[in-house]
Every structure is written in C-alpha cells, then in structure tokens.
Amino acid sequence: MMKKSILFLFSIALCACSKTAGYDVAAYIWPAYHDDPRYAEIGLFDDHKGEWEAIYNAVPKFEGHRQPRVPEWGYFNEASPEMQEKIIDTALEYGVNTFIFDWYWFDGKPFLEGVLNDGFLKAPNSKKMKFYLMWANHTANSYWDRSEPDKSKVYWNGEVSREVFDGFKSHLVSDYFTLPNYYRIDGKPVFAIYDLTNFINGLGGIGPAREALDALRAECAAAGLPGLHLQAIVWGSLPATISATPGDTTPTQNKTLEALGFDSITNYQWCHLVRTDMEYSEWGEKGISFWEEYGRDFSMPYFPHVSIDWDPNPRYPLESGVQDCVSGSTPEKFEVFLRKAKDYVDAHPDQAPLITVNAWNEWAEGSYLEPDGDFGTGFLEAVRRVFPPVR
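Small disclaimer: the values here were computed from a predicted structure and weren't measured.

Colleague: I'd like a description of the overall build of the protein, backed by residues and values.
Modeller: Looking only at helices and strands, the protein has twelve helices and 14 strands in total. Since a compact globule built from 391 residues should have a radius of gyration of about 21 Å, the 20 Å found for the protein is in line with a globular shape. Along the three orthogonal principal directions, the C-alpha set of the protein runs to about 55 × 50 × 45 Å. Expressed as a percentage of its 391 residues, the buried residues of the protein come to 58%. Pairs at least 24 residues apart make up 77% of the contacts formed inside the protein by residues separated by at least 6 positions.

See the structure below:
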C-alpha cells in the first residue's frame, strides 16, 4: 500500500504540473496498425500489417478524390516501442500531450492492446505523454473488412454482461489507471465509454449499469485512487430508460448520465453528429454548433471536440460505391476550429483544460494528425500554432 500511495502522489504532481502549464490536447488512437493475433479469428488483414492493408489498397472513386492517403512514415508496426518513441516525441513537439487509446474487450479477451502494452508503455519516453482509455464497446462487424461489400456481418457483440465487466475491471485499474502518466481530472483517472446504449443494454438497464460502475469505482478506491472520472462519448440518442415526469424539462440524455454517475462528456467524431457530404468548414460549423446545446442541456462539463476530416472509402470495395465523405479539409481550416475550442476552454475556467481531437491516426477514416504525402506535418503545425508546447 505504501508503494501505491507514493506512486499516486507522484501521479497527482505530474498531472497538476501539466494542467497549470496550459491545455491538454488529447488525440484519439486507433490501435489497428499492427498484426494483432486476433485478426485471424475474424479473417482480416492477411498481409499481417493490420489495417494498413486498407490504406495502401485504397483507390480514388471520383475525380479529385484524395485517395490513397500516403503516410509519410510508411506502413510501420504501430506496436513497436521504437516507433512509439518517435510518435510520442513528434506529438509533444507539436503540442499534443495526451493520447486517448481506443480500448477493446471482446468475448472475454482484450483486442488491439498490443499498441498500448507492447509499444506505447514500453517506449523509453512514454512517461512524458499522458494517456487515458476510451472503452470502444461498439459491435465489431465487417465495416473493418475492405474486401467485404456486406457490412452487416457481426464478429463480436459490443454488449457485455456483468460477469464480463467484472472480468476486466481489475485489469483496467491495476495495469492502467494507477500508472503515473495516466490522465486524471481532480486526481481521478478518466475512463471514457463510447457506446452508452450497448453498455446499458448489456448490463440490463440503468440500475444494473450503475451497480457495475460503482464496482469499478470501488476497485479504484481499493487501489488507493480518490475515485473515478467517467466520461461519456455523446454521439446519438441514449435509450429512453428515464422518462420525464410532468413539468420536468431536463433532457433524457442528461438524466441518464446523471443516474449512472458520469462526470463529463465529449465527442469522438463530428460524423456522429452531422452528415458528411459537405465541405469541411461547413461541416465543422455544424459540428461545433452542438457545443451550446451541450452546455445548456447537460449538468456535467463538456470538453470541446474537433475532427480533422472524414472519408471511410478505404474500407469499402469498389462494388460498394462511393461513401459520403467530407471535402476540402486543410490545416488552415482545421486551425479555425482549434481556436474555437481554445476559446471554449478559456470561457470555462472551472473545468479541466481538455480538448479532444479525432484523431492521431484514423487513416481508414481520413482523420489523422500523422504526417502524410499531401500536407506533411501541416495538421500538427496547426495544433502547435494554437497550443504551443510548454518547454
């Protein structure tokens, strides 16, 4: 217990220094660009390079279509500590100081943990970069399979039982939440949940879902942590499990999140809020138009989100036709929305200075900060102009 207490105090000091130094710019990590052994279970990526296979096989589907996207660093193994060392150094150089790892657990086993466990955490400079987890508890289907026109095939269901939830909660706390560079708000480790509908339905309703989260909180307390900061990814309607009483105008979503004990909200991608068949600046304006609504309708803090682009066509074979995609994304246009996110944070000094960005490396969806053949480090440079790193 003494060792954990010392580790925890060090963690608090680390996070406090980061907060007072400036802003927490957090980019999502899609940890699919390596040869995960579980790909074989679902028949994906025979080239053994993970989803890079979709990227280098992508083709333009119309005149002016910006495909294929070519990574400036090549089709590297993302689970390599040496590569993660380069990624961390680059991110910090340009003002990204936090990573949000998409975290998966299907059929009672982890999936895509190699990038985090074998790459990031083993990189010699990993302690310089804060990170937290977003439980990506969506159903895994053939959306990931670039050669499959039928995208309705289900590999693993995203809903989990209480038994399954209890099976990984100690893993979360002991292997991640207690690490000194795990991102915290008010000393509490942040844990985001992507699909609240799947979570609630899998556990059997609001009551059982709250009991499961309380068990996770108790696990945190047993490890010497002062609690748990739960973050909801808002991107659609939650189940109408809590109906309004006569005269109650509180939005159902907020009441549901309050009942579950969530502490904050953010987004994962603007495509979850706004249709994507439009020019980037228009798309972004529609995306950030929700910020006022969140501030009005939710009782917990909203952390502003900015997306870079959207084009999922690498995941669709030619016979599937053209998928709607955003046009005209540039570093300069992206910077406009970063500045709006900064203004939002500055206007809410009572909450953590956190901004979420999609994404560091969502190559298969066209939304990434990593340098490419078209803009080089342009999107990273936009981050640095708005959020210059503190040396």
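Colleague: Residues and numbers for the side chain of N97, please.
Modeller: In this structure, N97 sits in the loop between helix 3 (81-93) and strand 2 (98-106). Relative accessible area serves as the criterion here: at 18%, N97 is assigned to the buried category. A polar contact of 2.9 Å, which involves the side chain of N97, links it to the backbone oxygen of Y23. Filtering out sequence-adjacent residues up to four positions away, N97 remains in contact with Y23, D24, V25, L92, M129 and K130.

Colleague: Account for the pattern of salt bridges, with residues named and values stated.
Modeller: Inspection of every chain in the model, using the stated rule, returns 22 salt bridges. Close ionic contact of D277 with R275 constitutes a salt bridge, the shortest N to O distance being 2.7 Å. Classification of D277 as partly exposed rests on a relative accessible area of 42%. What you see here is one network of salt bridges that share partners, running through R66, R69, D309, D372 and D374.

Colleague: So, the packing of helix 9 (residues 280-288) against helix 11 (residues 331-346): which residues are in play, and what are the values?
Modeller: Interhelical geometry of helix 9 versus helix 11 gives an angle of 15 degrees and a closest axis separation of 10 Å. As far as their axial angle goes, helix 11 and helix 9 are roughly parallel. For the crossing formed where helix 9 meets helix 11, the hand is right-handed. Facing helix 9, whose interface residues are Y280, S281, G284, E285 and I288, helix 11 presents K333, F334, F337 and K340. Of the residues that constitute the contact of helix 9 with helix 11, the class distribution is four nonpolar, two polar and three charged.

Colleague: Outline the packing of helix 11 against helix 12 (residues 378-386), listing residues and values.
Modeller: Two elements in contact, helix 11 and helix 12, have axes separated by 9 Å at closest approach and are oriented at 30 degrees. On the basis of the axis angle, helix 11 is roughly parallel to helix 12. As for how helix 11 packs across helix 12, the hand of that crossing is right-handed. Of helix 12, the residues touching helix 11 (which contributes P331, F334, E335, L338, R339 and K342) are G378, F379, A382, V383, R385 and V386.

Colleague: Which residues make up the pairing of strand 1 (residues 24-29), and what values do they have?
Modeller: Among the six residues of strand 1, six are classified as buried, and the element is accordingly described as predominantly covered. Across the two faces of strand 1 the burial is the same, with D24, A26 and Y28 and V25, A27 and I29 all buried. Relative to strand 12 (residues 354-358), strand 1 is paired through four bridges, and the arrangement is parallel. Bridge assignment links A27 to a residue of strand 12, and that residue is V357. As judged from the four bridges shared by strand 1 and strand 2, these two strands associate in the parallel manner.

Colleague: For helix 6 (residues 196-203), give the residues involved together with the corresponding values.
Modeller: Every buried residue of helix 6 is listed here: L196, N198, F199, I200 and L203. In this fold, the buried residues of helix 6 make contact with strand 4 (130-135), helix 5 (162-177), strand 8 (188-193), helix 7 (206-222), strand 9 (229-233) and helix 8 (252-260). Of the residues flanking the start of helix 6, the one acting as N-cap is D195, its side-chain oxygen 3.1 Å from the backbone nitrogen of T197. Once helix 6 finishes, G204 follows within two positions and takes phi at roughly 100 degrees, a positive value.

Colleague: Can you tell me about the packing of aromatic side chains, naming the residues and giving the values?
Modeller: The tally for this structure, following the rule as stated, stands at 54 aromatic pairs. Between W135 and F168, the ring centres sit 5.2 Å apart and the planes meet at 70 degrees, which makes this aromatic pair edge-to-face. Of the two residues, W135 is situated in strand 4 and F168 in helix 5; the sequence distance between them amounts to 33 residues. Each member of the pair W135 and F168 is classed as buried. Here the aromatic residues W30, Y39, F45, Y104, F106, F111, W144 and W156 are joined through ring pairs into a cluster of three or more. Sitting above the plane of the W156 ring, R38 keeps its charged end 4.5 Å from the centroid. The residue whose ring lies beneath K151 is Y316, and the NZ or CZ to ring-centre distance is 4.8 Å.

Colleague: Residues and numbers for unusual backbone geometry, please.
Modeller: In this structure, the amide linkage connecting Q67 to the following residue, P68, adopts the cis form with an omega of -5 degrees. Its place among the elements puts P68 in the loop between helix 2 (52-56) and helix 3. Put simply, N358 and A359 share a cis peptide bond, and its omega is 0 degrees. Checked against the element boundaries, A359 lands in the loop between strand 12 and strand 13 (361-362). Of note in this structure, F45 is not a glycine but carries a positive phi near 60 degrees. Position of F45 relative to the elements: it lies in the loop between strand 1 and helix 2. One non-glycine residue, L112, adopts positive backbone phi at about 65 degrees. Mapping L112 onto the fold places it in the loop between strand 3 (109-111) and helix 4 (114-120).

About the cut-offs
- Residues numbered from 1 in each chain as written.
- Predicted model: local features only at pLDDT ≥ 70, side-chain atom pairs only at ≥ 80, totals over all residues.
- Heavy atoms only, no water.
- Helix = DSSP H or I, 4+ residues; strand = E, 2+ residues; numbered from the N terminus.
- Rg over C-alpha atoms; globule rule 2.2 N^0.38 Å.
- Buried < 20%, exposed > 50% of the residue type's maximum accessible area, 1.4 Å probe, protein only.
- Contact = heavy atoms within 4.5 Å.
- Polar contact = N/O pair within 3.5 Å; in protein donor to acceptor, adjacent residues only side chain to side chain.
- Salt bridge = Lys/Arg side-chain N within 4 Å of Asp/Glu carboxyl O.
- Axes fitted to C-alpha atoms, helices over the stretch in contact; angles between N-to-C directions.
- Parallel < 35°, antiparallel > 145°, perpendicular 65-115°, else oblique.
- Left-handed = near helix turned anticlockwise from the far one by under 90°.
- Nonpolar A, V, L, I, M, F, W, Y, C, P; charged D, E, K, R; others polar.
- Pairing = 2+ DSSP bridges.
- Phe/Tyr/Trp six-rings, centres within 6.5 Å; stacked < 30°, edge-to-face > 60°.
- Lys NZ or Arg CZ within 6 Å of the ring centre and 35° of its normal.

Scope: geometric values only; no functional claims are made or implied.
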